[in-house]
Amino acid sequence: LSKSRLRKALNAESKRSKKKQPTASAGGDNPKAIIADLNAAVTIEDRIPAIHAACKEFDHFNQDRHKKEIELGAVTSLYQKLCLALTVRDREGKNDEEIAMICAAMEMVYRVSKATREQYEAFFGNQVFPLILNLLNIFESESSFEGDLAIESSLKILFYFSRVNPSAVKMVRVKGFLDCLIQIILSDKNDNIRTSALI
């Protein structure tokens, strides 16, 4: 799945929301305000534009900027939004585009150096990883464009932390994790996803 297709999906969802973008996104390059918008967004009408703005802000490869975003609470905020989105999905039905956008934003923020990932290994291992494993188990057996986007972003995050030894050890020791990866590899998912599960 290409980055251009992801952007098309994000733009389409933004238009469907038919709501005013958060004020932080208008200023640009203001991660503190964008993270504040994420934290304040509770309803779906507020969450979608806030997450969309976060994706636009976090979509870069400047490791120092990403480190600052983490320090400002970006990962914590996205983690909370992903918890909420998965709960809403269980209770009210599919909201897969929201979940895909959150996973994409989290993958962007985690484009930091190995040293920075090591600093935040505990939160990843204790909070983020169990949520990602739950997400993979949900979407592995389903077939949807949004679900595949969520899987692809999640696998990239797992790859990033597989380079951090304590995280790698924790992940392989979790019951069901390797079985989940095998199911993805043997599935009819696209080659990008299946290759990511192999790496």
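What counts, and where the lines are drawn
- Residues numbered from 1 in each chain as written.
- Predicted model: local features only at pLDDT ≥ 70, side-chain atom pairs only at ≥ 80, totals over all residues.
- Heavy atoms only, no water.
- Core = buried A, V, L, I, M, F, W, Y, C linked by side-chain atoms within 4.5 Å.
- Buried < 20%, exposed > 50% of the residue type's maximum accessible area, 1.4 Å probe, protein only.
- Helix = DSSP H or I, 4+ residues; strand = E, 2+ residues; numbered from the N terminus.
- Contact = heavy atoms within 4.5 Å.
- Axes fitted to C-alpha atoms, helices over the stretch in contact; angles between N-to-C directions.
- Left-handed = near helix turned anticlockwise from the far one by under 90°.
- Nonpolar A, V, L, I, M, F, W, Y, C, P; charged D, E, K, R; others polar.
- Lys, Arg positive; Asp, Glu negative; His and termini not counted.
- Salt bridge = Lys/Arg side-chain N within 4 Å of Asp/Glu carboxyl O.
- Parallel < 35°, antiparallel > 145°, perpendicular 65-115°, else oblique.
- Phe/Tyr/Trp six-rings, centres within 6.5 Å; stacked < 30°, edge-to-face > 60°.
- Arc of directions from axis to C-beta.

Student: Give me the lowdown on the nonpolar core, citing residues and values where you can.
Tutor: Among soluble globular proteins, nonpolar side chains are generally buried collectively. Phe58, Ile99, Tyr110, Phe124 and Leu158 are the most contacted members of the largest nonpolar core, which totals 53 residues. Looking at this core, the elements that each hand over two or more residues are α3 (31–40), α4 (44–58), α6 (74–92), α7 (96–109), α9 (121–140), α10 (145–162) and α12 (177–186). For this core, the element with the highest residue contribution is α9, accounting for ten residues. Ignoring any residue separated from it by four or fewer positions in sequence, one finds phenylalanine 58 in contact with Ile35, His66, Glu69, Ala74, Leu78, Ala105, Met108, Val109 and Arg111.

Student: Tell me about the packing of α6 against α9, and please be specific about residues and values.
Tutor: Viewed as axis vectors pointing N to C, α6 and α9 meet at an angle of 35°, and their least axial separation amounts to 11 Å. Both α6 and α9 take part in a crossing whose hand is left-handed. For the pair formed by α6 and α9, the contact residues are Val75, Thr76, Tyr79, Leu82, Cys83, Leu86 and Arg89 on the first element and Phe123, Gln127, Val128, Leu131, Asn134, Leu135, Ile138 and Phe139 on the second. Here the residues of the contact of α6 with α9 are counted per class, giving eleven nonpolar, three polar and one charged.

Student: Quick one: what's the story with the environment of leucine 181, residue by residue and with numbers?
Tutor: Tracing the backbone shows leucine 181 in helix α12. Looking at leucine 181, the relative accessible area reads 14%, which means it is buried. Expressed as a C-alpha distance, the spacing of leucine 181 and leucine 136, which sit 45 residues apart in the sequence, is 8.6 Å.

Student: Run through the side chain of glutamate 69, naming residues and quoting values.
Tutor: You can see glutamate 69 is positioned in helix α5 (residues 63–71). No salt bridge is formed by the buried glutamate 69; its nearest oppositely charged neighbour, arginine 65, is found at 4.5 Å. Look past the residues within four positions of glutamate 69 in its chain and what remains in contact with it is Pro31, Ile35, Glu57, Phe58, His60, Ala74 and Val109.

Student: Break down the environment of isoleucine 132 for me, citing the residues and quoting the values.
Tutor: Looking at the element boundaries, isoleucine 132 is found in helix α9. For isoleucine 132, a relative accessible area of 2% puts it in the buried group. Considered as a pair, isoleucine 132 and isoleucine 151 are 19 residues apart in the sequence and their alpha carbons are 8.7 Å apart. Among all residues touching isoleucine 132, those that are not within four sequence positions of it are Phe124, Ser154, Ile157 and Leu158.

Student: Explain the packing of α10 against helix α11 (residues 165–173) residue by residue, including any values.
Tutor: Interaxial distance between α10 and α11 falls to 7 Å at its minimum, and their mutual angle equals 125°. In terms of orientation, α10 lies oblique with respect to α11. On the side of α10, the interface is formed by Leu158, Phe161 and Ser162, while α11 contributes Ser167, Ala168 and Met171. Of the residues belonging to the contact of α10 with α11, the class tally is four nonpolar, two polar and no charged.

Student: Give a description of the packing of aromatic side chains that names residues and reports values.
Tutor: Here the structure, examined in full by the defined rule, presents seven aromatic pairs. Plain terms: the ring middles of tyrosine 79 and phenylalanine 123 are 5.5 Å apart, the flat faces sit at 75° to each other, and that makes the pair edge-to-face. Here tyrosine 79 is found in helix α6, whereas its partner phenylalanine 123 is found in helix α9, with 44 residues between them in sequence. What makes phenylalanine 123 partly exposed here is its relative accessible area of 26%. Aromatic ring contacts, followed pair by pair, group Tyr110, Phe124, Phe129, Phe161 and Phe177 into a single cluster.

Student: A description of α12 should follow, citing residues and the corresponding values.
Tutor: Residue pairs three or four apart in sequence face the same way in an α-helix, which turns once every 3.6 residues. Within α12 the residues assigned to the buried category are Phe177, Cys180, Leu181 and Ile184. Looking straight down α12, one finds that the buried residues subtend no more than 100° of arc, so they occupy a single side. In this structure, α12 carries Asp179 and Leu186 as exposed residues pointing more than 90 degrees from its buried face.

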